Amino acid sequence: MPVIKNAVCSLCGCLCDDITVTVDEENKITKIENACILGHSKFQGMFEHERIETPMIRKAGKLVSVSYEEALETAAKILVNSKRTLSYGWCSTSCEAISKAIQLAEETGSLIDSTANVCHGPSALAAQEKGSPGATLGEIKNRADLIIFWGCNPVHAHPRHLSRYSSFSKGFFVPRGRKERKMLVIDVRKTDTAKLADKYVEIEQGADLLLITALRSIINGHEEVIPEKVAGVSKEELLELAKLMKEAKFLCVFFGMGVTQSRSKYKNGDGVASLISDLNQHTKAVMIGMRGHYNVTGFGQVATWETGFPMAIDFAKGYPYYNPGETGANDVLVREEVDAAIIAAADPGAHFPQKALRQLAKIPLIQIDPYANPTTELADVVFPTAVVGIEAEGSAYRMDAISIRMKKLIETKFKTDEEIAKDLIEKVRELKRG
Amino acid sequence: MSEILIKNASVCDPFQGIDCEKMDLCIRNGKIVESVSSKAKVIDAKGRLTLAGGFDGHTHSAGKINVGRFMNPNDARRNPVPGLSGKVARTEKTRAQVGYNTPNTYAIGYRYAKLGYTTICEAAMPPLSARHTHEEFKEIPILDKMGLTLLGSNWQVMEYIRDKEPEKLAAYVAWALKASRGYGIKIVNPGGGEAWGWGRNVSGLYDPVPNFEVTPAEILIELGKANEKLNLPHSVHVHCNNLGHPGNYETTLETMKLFEKIKPSQERQSLHVTHVQFNAYAGTSWRDFETGAPMVSDYINQAKHLTFDMGQLIFGPAVTMTADGPVEYANSRMLHEKWSNQDVELEDASGVVPLSYSPKSFVNAVQWAIGLELALLVKDPWKVMFTTDSPNGGSFVNYPEVVTYLMSAKKREEVYSGFSELALGKMVLPEIDRELSFSELAVMTRAIQSKMYGRPEKGKLTIGADADIAIYELVPEKIDPSVEHEKVKQAFSATAYTFKDGKLVVKEGNIEASPMGKTYWVNADVPERVDSAMQKDLELKFKKYYTVSKSNYMVEDEYLPNPVEITTKGDF
C-alpha cells in the first residue's frame, strides 16, 4: 500500500505538512498519522460523508442530476445574463483555482470576495492603516519566549499550532520548549487555550482597543494616565502585563476573530500593529493573524498580485475597484445589488446574516463544492468537485504567508475547482461570441 | 518558421561597437540571424533607434512587492505617469491593470515591455518563500525572469563559515539555488537579518553576528569564494551594511575593497554592489549629511573587479522594500509611517515601508543627486547598471525620466535649480557636465547586464542572440538629447515596437501579444561526497528548526512553466 509522507493537511491555516497517509488498493485512505482531530476528520470524512455525486440543476424547485455540459451551459448563461454577479468564497481551494476565479470575475465584470469578509478582513484594513509586522512561524518556534494568544482559541481551532509552531514547540534558542516560554492568553472567557496559559487576562467584551491603548501608554512611558481599571483589568495587572512584554526577548501576538470581529473591528488590528511597533523600541515583537480556512491567506495573496487588492474587488468597470464596506460580499447582498452569485469552497448559507441570505435565495446561485452544505439549499446549479489537498494538488498559503504545495493523495472522478473555473471562462467566452 | 526583416534600423549595439548605424536585422524563430528568406515579414524601422531589449538587473517585482500592494491599496489608483501607471480596464489582449509603485503582475509585464524591456531580475528571494516569487513570475507576462536567492543571514551559511567548511558552504549554496530555483547569491546587510531576529543590527563589517560568531566581512568573502567555486554565471550581489546611514560610504568602500582578492571564475565582476545611492552618504548625522559619491566613484574608477547599480531616486511616492529589516523599522519610526515586517526562519528578515521623496527635503534632494553623480563620475559605463531599485528609489515606469537626467545637463539643472542652497552645498552634481550618448545608455540598460549575469544571448543584437528588440520613436541623428530631452523622454516611454523572442509584443505603445517568458535558474553541480555530507547537516535543520519539511521546501517544476536551467560545474 502506498504510504505518502509529508502530505499537507488542507484544513486550517496551520497547513501542517508532516502528515503521513496510507492509501489502499481501493483508492481509500486507511491510515492518517500526525494529523490533529480536525485534520484527521477531513481526511477520514472523505469516506464517511456523502458527496454530491453529479452536477445538479434546480428544476421545479428541486435539484436534479444533469450532465456536466448542461450544468456548465446553464451556469455560463447565468453569468452572461447577469448585470452584476458576486463571486464569493474560494478559500478552501488552491491558488491556481483562485487565479482562474479572478480571471472569470474580470471577464464577466463581477465582484469577487473571499471569506475574509466575515473573518480577518478587518486585519487587512488594519494593515492598510499601520502595516503588518510579522514573521514566519519558525521564527516563533526558534526564538519566542513570550507567546500571546489574543481573541483566539487554537486548542480547538488550530489544534497543532501549539505543538508545531508556538507554546509547546522546541526551537534553536528555546531548546526546552514550553519550559522556556511564557504563555499569555487575553480573552473574554476562559477558553481551553487559556487553561494552558501561565497567565490569563479576562477582559470585558468589546474592550480590546481600550486594553491595547492602555498597554501602549504604559510601554511608551505614560503610565500616569491609566485609570484604576481598563477593560475590566486593574491598573496593577496592566503594569505587570506591560512589564512582561517589555522584558521578553522575543514576543509574538497571535490574534483571532476576537480581535478582528469584535467592537472597534479594524481599529483593534491597527492598535495591535502600533503596539508591536512601540514594543520594538524595547525588544523584539511581531504579530500573526490566526487564519481559519487553510488558504484564505492564499486568496489574499493571489488577489493582491493579480488585482492589486486582497478582497472585495469589483470589476464592473473593467479594472479592479476596491472599497470594502461598499464592495464586500455582504455589502452588495444586503443592498440587494447583485443579481447572480457563484460560490465556491465556502458556505455563506451557514455563516452570512439573514438579510444577505434572503438576497442569495432570490437570485440564481452557482455552487462549486465537494459536499452539500446549507448553501446548496439555495443553489440553482451545483458542481461537485475534487477535495483540494486530497484529490487535487495545488498551492496554499499558511497563516504566515508561506506558500506550500498540497499533494494529490488519491484518484478521483471529480473535476477540480480550477478545471471548472477554466471551463466556465471558456463557456462564457463562447456564449459572448454568440 | 517565423521570419521578420527589420529594415532601416538605427542600431546601437555596444557589444559590436555599433553606434547608431543604419542596418537591417533578420529574425528567425526567435533569434537574430544572418539573413531571412523573401517570405519574411518586413518592418520598416525608418531610421529609428534600435536597441536590444532592456534588462532590469535589480528590481523588486515579485514576492515582497505583494506586501507593498497589500498595505498600500491607494497606490493602485495612482497615475502620476499616464500611460504607464494607474488603472486600465481589461481588453481583448490584456488583463486589467492597476498601480504605480506596486502594479499588479500583468501591469508589470506590459509596462516593462512598453519601455522596451524584456528581462527582469527580482533582487531578493528568501528560499523559504521562493515558491511565492515564482507564482508571481507565472503571472508576469512577456518578460524573461530570474530571481536572486537571499543567503546573507542564513544559519547554514553562517555555521559553515564559522566552522571553516568552504566545500560544504558551496554545496549548500548550490542546493539553495536549486531549492529556490534562483539565479545567484544575494547578500543583504550581511548578518543584519539575523541580528534583526532579536531587534538588533550589525554596525559594520567587523561587528559579529549575535550567537553565530561570524562577521559580515566573513559572510561576504566566503560567499564570494563559494560563488566562484561553483562557477556561477553572476557574481555575489551585495546590499551593503549600514544602508541609509550618513557616513556609510566608508562601509561601502571597505566592502568593495574586500573583493579585490576574489578572483572571478568567469569574464565578469567578482562583486556587484547594488543601489549604491543608498550607500554613498558622507557626514556623521542627518544635519551634516552630504554626498559621498566622489569618494566612491574615485575608488570604482580605479577598480577592475566590480560593477554597481545606481538606485536612482524619483521625487514623489515610493515604496521601500528590502530584506534589510532594521532599516525598514527605522524608516517607519523616523517617518511615522506604517510598517510591515516579515522575518523568515533561519534565513533573513524583510520589511516594507511606503514613503515620499520631496525636492524640498534637503536630504532627498542630495539623495537624488548622488545616484546621478555616481553614474556620471564613474567613467566606464561598463561598471554602471541603470536602476531605481524599483520601487525603493521610485517606480521603474520613471526610467524615461532618468534617461533624460543622464543625457541632458540642462534637464538636471531644471530639477536642481529648485533645490535649497543647503542641498546644493552638499552635492557635486552641478559641477558635472557629462551627458551620456545613446551608446553609453545602451550599455547601462542592457549590455552590462548581459555581461554581469553571464547571459550572452541577452543585451545585444549579434547573430544568435535572442530576438528581444526595442525600437524607439526617435531618429538619433535628428535629435539633440541634451536640449530635446522631452522628446527623448516621450520616445523612451513607449516603444514603436518591442519584440520578445522575435514576437511582436508592443506596437506604437500598445500591447499586441503577451507570450509567457522564460525563467532562468542555476543548477550548480557538486560532487556527491560533498553534497551528502552537507545534506546530513541540512536534514537536522529541517528536523529541528524549519516548520516546513525539506521535500515540501523545494520549488517544484510546476512553478516554472518555461524554465531555462543553466548548469555549471563546481571546482572541488
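Residues numbered from 1 in each chain as written. Chains lettered and ligands numbered in written order. Predicted model: local features only at pLDDT ≥ 70, side-chain atom pairs only at ≥ 80, totals over all residues.

**A short note on the overall build of chain B**
And then number 1: A count of helices and strands for chain B gives 18 helices and 24 strands.
And then number 2: Here the C-alpha radius of gyration of chain B, 22 Å, is about what a compact globule of 572 residues would show, namely 25 Å.
And then number 3: Its C-alpha atoms put chain B at 65 × 60 × 45 Å along the principal axes.
And then number 4: Taken across its 572 residues, chain B has 63% of its residues classed as buried. (Helix = DSSP H or I, 4+ residues; strand = E, 2+ residues; numbered from the N terminus. Rg over C-alpha atoms; globule rule 2.2 N^0.38 Å. Buried ≥ 20, exposed ≤ 12 C-beta atoms within 10 Å, placed from the backbone.)

**A short note on the overall build of chain A**
And then number 1: Helix and strand counts for chain A come out as 17 helices and 22 strands.
And then number 2: Oriented by its inertia axes, the alpha-carbon framework of chain A measures out at about 70 × 55 × 35 Å.
And then number 3: Considering chain A as a whole, with its 434 residues, one finds that 59% of them fall into the buried category.
And then number 4: Residue pairs at least 24 apart in sequence account for 67% of intrachain contacts in chain A once pairs closer than 6 positions are excluded. (Contact = placed C-beta atoms within 7 Å.)

**Focus: the environment of B:Val214**
Residues and elements named next belong to chain B.
And then number 1: Relative to the assigned elements, Val214 resides in the loop between helix H6 (192-196) and helix H7 (216-229).
And then number 2: Assessed through the 21 C-beta atoms surrounding it within 10 Å, Val214 is described here as buried.
And then number 3: Along the chain, Val214 and Arg529 lie 315 residues apart, while their C-alpha atoms are 26 Å from each other.
And then number 4: Filtering out sequence-adjacent residues up to four positions away, Val214 remains in contact with Met158, Ile161, Arg162, Pro208, Val209 and Ile219.

**Some details on the interface of chain B and chain A**
And then number 1: Across the contact, 46 residues belong to chain B and 52 residues belong to chain A.
And then number 2: Looking at the side of chain B that touches chain A, the elements with two or more residues in it are helix H1 (65-71), helix H3 (130-138), helix H10 (325-335), strand S16 (340-343) and helix H18 (550-553) of chain B.
And then number 3: Looking at the side of chain B that touches chain A residue by residue, the classes come out as 17 nonpolar, 17 polar and twelve charged.
And then number 4: Bridge count between strand S8 (residues 133-135) of chain A and S16(B): three bridges; the pairing is parallel. Bridging across to S16(B), A:Pro133 finds its partner in B:Asn341. (Nonpolar A, V, L, I, M, F, W, Y, C, P; charged D, E, K, R; others polar. Pairing = 2+ DSSP bridges.)

**Quick notes on the environment of B:Asp75**
Residues and elements named next belong to chain B.
And then number 1: In this structure, Asp75 sits in the loop between H1 and helix H2 (105-114).
And then number 2: For Asp75, a count of 23 C-beta atoms within 10 Å puts it in the buried group.
And then number 3: For the pair Asp75 and Val98, spaced 23 residues apart in the sequence, the C-alpha separation amounts to 8.2 Å.
And then number 4: Once residues lying within four places of it in the same chain are set aside, the contact partners of Asp75 are Gly99, Tyr100, Asn101, Thr102 and Val319.

**Remarks on the pairing of strand S10 (residues 236-239) of chain B**
Residues and elements named next belong to chain B.
And then number 1: Side chains Val236 and Val238 project from S10 onto one buried face, and the interleaved His237 and His239 project onto a second face that is buried too.
And then number 2: By the bridge criterion, three bridges tie strand S9 (residues 184-188) to S10 in an arrangement that is parallel. By the bridge assignment for S10, Ile187 is matched with Val238.
And then number 3: Inspection of the sheet shows S10 paired to strand S11 (residues 271-273) by three bridges, in the parallel sense. When the sheet's bridge partners are listed, His237 is paired in S11 with His272.
And then number 4: In this fold, S10 hands off to helix H8 (residues 249-258), which returns the chain to S11; that crossover is right-handed. (Right-handed = clockwise from strand over helix to strand, strands pointing away.)

**Quick look at the sheet that holds strand S15 (residues 284-289) of chain A**
Residues and elements named next belong to chain A.
And then number 1: Strand order in the open sheet formed by five strands is S11-S10-S9-S14-S15, with parallel pairing between adjacent strands. Here the strands that pair on one side only, and so sit at the sheet edges, are strand S11 (199-202) and S15. Neighbouring strand axes in the sheet, compared pairwise and without regard to direction, differ in orientation by 15° on average.
And then number 2: Of the strand pairs in this sheet, strand S14 (residues 250-255) and S15 are connected by six bridges, and their pairing is parallel. Bridging from a neighbouring strand, Cys252 pairs with Val286 of S15. (Axes fitted to C-alpha atoms, helices over the stretch in contact; angles between N-to-C directions.)

**Some remarks on the packing of helix H12 (residues 399-407) of chain B against helix H16 (residues 485-493) of chain B**
Pairs of packed helices are described in terms of their axes, by the angle between the two and the distance that separates them.
Residues and elements named next belong to chain B.
And then number 1: Where H12 contacts H16, the two axes come as close as 8 Å, and the packing angle between them is 145°. Handedness of the H12/H16 crossing: right-handed. Between H12, through Tyr399, Pro400, Glu401, Val403, Thr404 and Met407, and H16, the contact on the second element is made entirely by His485, Val488, Lys489, Phe492 and Ser493. (Left-handed = near helix turned anticlockwise from the far one by under 90°.)

**Here's the deal with unusual backbone geometry**
Of all residues except glycine, most have a negative phi; of all peptide bonds, most are trans.
Residues and elements named next belong to chain B.
And then number 1: Put simply, Ser390 and Pro391 share a cis peptide bond, and its omega is -5°.
And then number 2: Position of Pro391 relative to the elements: it lies in the loop between strand S18 (384-385) and H12.
And then number 3: Residues other than glycine seldom take positive phi values, yet Cys20 does so here, at roughly 55°.

**Description of the domain arrangement of chain A**
Residues and elements named next belong to chain A.
And then number 1: Domain boundaries in chain A define domain 1 (3-45), domain 2 (56-116 + 294-433) and domain 3 (121-289).
And then number 2: With centres defined by C-alpha atoms, the gap from domain 1 to domain 3 works out at 31 Å.
And then number 3: Opposite the seven residues of domain 1 that make contact, domain 3 presents six residues.
And then number 4: Among the residues making up the side of domain 1 that touches domain 3, the classes are represented as six nonpolar, one polar and no charged. (Domains from an automatic or database assignment.)

**Regarding the nonpolar core**
And then number 1: In this structure, A:Ala101, A:Ile148, A:Leu215, A:Cys252, A:Phe254, B:Val173 and B:Leu374 are the most contacted members of the largest nonpolar core, which totals 327 residues.
And then number 2: The element best represented in this core is helix H11 (residues 362-377) of chain B, accounting for eleven residues.
And then number 3: Excluding residues that lie within four positions of it along the chain, A:Leu215 makes contacts with A:Leu238, A:Leu241, A:Ala242 and A:Leu275. (Core = buried A, V, L, I, M, F, W, Y, C linked by C-beta atoms within 7 Å.)

**Here's the deal with the pairing of strand S19 (residues 365-368) of chain A**
All names here are of chain A.
And then number 1: The two faces of S19 match: Leu365 and Gln367 on one face and Ile366 and Ile368 on the other face are all buried.
And then number 2: Both strand S18 (residues 340-344) and S19 contribute to a ladder of four bridges, which runs parallel. By the bridge assignment for S19, Ile343 is matched with Gln367.

**Structural notes on helix H5 (residues 166-180) of chain B**
All names here are of chain B.
And then number 1: With 15 residues, H5 ought to run about 21 Å at 1.5 Å a step, and its terminal C-alpha atoms sit 21 Å apart, in line with that.
And then number 2: Restricting attention to buried positions, one finds in H5 the residues Lys168, Leu169, Ala170, Ala171, Tyr172, Val173, Ala174, Ala176, Leu177 and Ser180.
And then number 3: Looking one or two residues past H5, Arg181 carries a phi angle of roughly 50°, positive in sign. (Expected span 1.5 Å × (residues − 1).)

**Examining the environment of B:Phe396**
Residue and element names in this part refer to chain B.
And then number 1: With respect to the helices and strands, Phe396 occurs in the loop between S18 and H12.
And then number 2: On the basis of neighbour count, Phe396 is assigned to the buried category, with 27 C-beta atoms found within 10 Å.
And then number 3: With residues near it in sequence (within four places) discarded, Phe396 still touches Asp56, Thr59, Tyr112, Thr388 and Ser390.

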